[in-house]
Amino acid sequence: MQPLCYVINFLAKWFFMIEKYLQIQDGISEFIGRIIAWLAIVLILTLVYEVVSRYFFNSPTIWSHELSSMIFGAFAILSGSYTLKHLGHVRSDVIYLLFPSKLQRLCDVLVYTIGIFVLVIFLVQAIEFAQKSWMLKEVSARSIWQPPLYYIKSIIPIAVILLILQSFAELVRAVLGFLNVSYVDPRHSEAISEDEHV
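Residues numbered from 1 in each chain as written. Predicted model: local features only at pLDDT ≥ 70, side-chain atom pairs only at ≥ 80, totals over all residues. Heavy atoms only, no water.

A. Region of the structure containing the side chain of serine 68. Tracing the backbone through its elements, the reader meets serine 68 in helix 2 (residues 64–78). Ignoring anything within four residues of it in the chain, the contact list for serine 68 reads Leu43, Thr46 and Leu47. (Helix = DSSP H or I, 4+ residues; strand = E, 2+ residues; numbered from the N terminus. Contact = heavy atoms within 4.5 Å.)

Given below as structure tokens:
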């Protein structure tokens with residue numbers, strides 16, 4: 001009886017750790033996504049300022065077009081983990097939905113495994129890309145403003161790391177689903193609590 005108690009105790013702790021990990025990772029992606037959402041307002045204000053300056057005061061800026069491109073780039077890549085957490089990426093599931101649940105989970109395991117592998121390769125390239133930009137103190141040649149590019153290029157590896165972390169959480173979910181392991185998914189409990197507040 002003692003060994004069975006140890007096994008049950010170990011599994012209970014293991015499931016608690018997995019649920020806690022998923023909760024923390026989802027929380028990080030949610031927090032980043034909500035912060036990044038404010039970049040949309042900064043982007044809009046930048047473009048409105050340019051339009052007003054150009055067309056009402058006949059005084060176009062030298063910086064707003066390039067700054068808006070940088071803000072949009074940061075917005076797009078940093079929102080990847082938030083979008084993945086909410087399963088918002090484009091997905092071609094015409095054939096996927098025809099599969100039985102077990103085969104769908106297997107496909108998820110394979111896709112997230114391959115995705116993480118590709119993202120790790122991309123991360124190595126992104127780090128080298130950012131390092132080279134910092135070493136050269138690279139500036140933009142697109143306008144006479146010539147802002148430094150190494151700051152914006154440093155966002156790329158950060159965004160890839162965030163996407164890898166959320167992808168790993170999705171892989172954990174897919175593996176547990178494939179193995180038919182019951183666990184409390186914080187994503188579902190969050191959806192329920194949001195529905196209760198409405």
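B. Expanded view of the environment of tryptophan 134. Tracing the backbone shows tryptophan 134 in helix 4 (residues 101–136). Setting aside residues up to four positions removed in sequence, tryptophan 134 forms contacts with Tyr150, Tyr151 and Ser154.

C. Up close: the side chain of threonine 46. On the secondary structure map, threonine 46 appears in helix 1 (residues 2–55). For threonine 46, a relative accessible area of 8% puts it in the buried group. Setting aside residues no more than four positions away along its own chain, threonine 46 makes contact with Trp63, Ser64, Leu67, Ser68 and Ile71. (Buried < 20%, exposed > 50% of the residue type's maximum accessible area, 1.4 Å probe, protein only.)

D. Seen up close, the pattern of salt bridges. A complete count under the given rule lists nine salt bridges for this structure. Residues arginine 34 and glutamate 30 are paired through a salt bridge, measuring 2.7 Å at the closest nitrogen-oxygen approach. Of this pair, arginine 34 and glutamate 30 both sit in helix 1, four residues apart, which is roughly one turn of the helix. Between arginine 105 and aspartate 108 there is a salt bridge; the shortest N-O distance is 3.3 Å. On the criterion of helical spacing, the pair formed by arginine 105 and aspartate 108 is a turn pair, its members being three residues apart in helix 4. Owing to a relative accessible area of 11%, aspartate 108 belongs among the buried residues under this scheme. Connected through salt bridges with shared partners, the residues Asp26, Glu170, Arg173, Asp185 and Arg187 form a single ionic network. (Salt bridge = Lys/Arg side-chain N within 4 Å of Asp/Glu carboxyl O.)

E. Region of interest: the nonpolar core. Among the nonpolar cores identified, the biggest contains ten residues, and these are Leu84, Val109, Tyr112, Ile116, Leu119, Leu123, Val160, Ile164, Leu171 and Ala174. Counting residues per element, the ones that place at least two in this core are helix 4 and helix 5 (150–178). Broken down by element, the residue count for this core peaks at five residues, all from helix 4. Sequence-distant contacts of leucine 123, that is, excluding residues within four places in its chain, are made with Pro157, Val160, Ile161 and Ile164. Counting six residues, the second largest nonpolar core, distinct from the first, contains Ile36, Ile155, Ala159 and Leu162. (Core = buried A, V, L, I, M, F, W, Y, C linked by side-chain atoms within 4.5 Å.)

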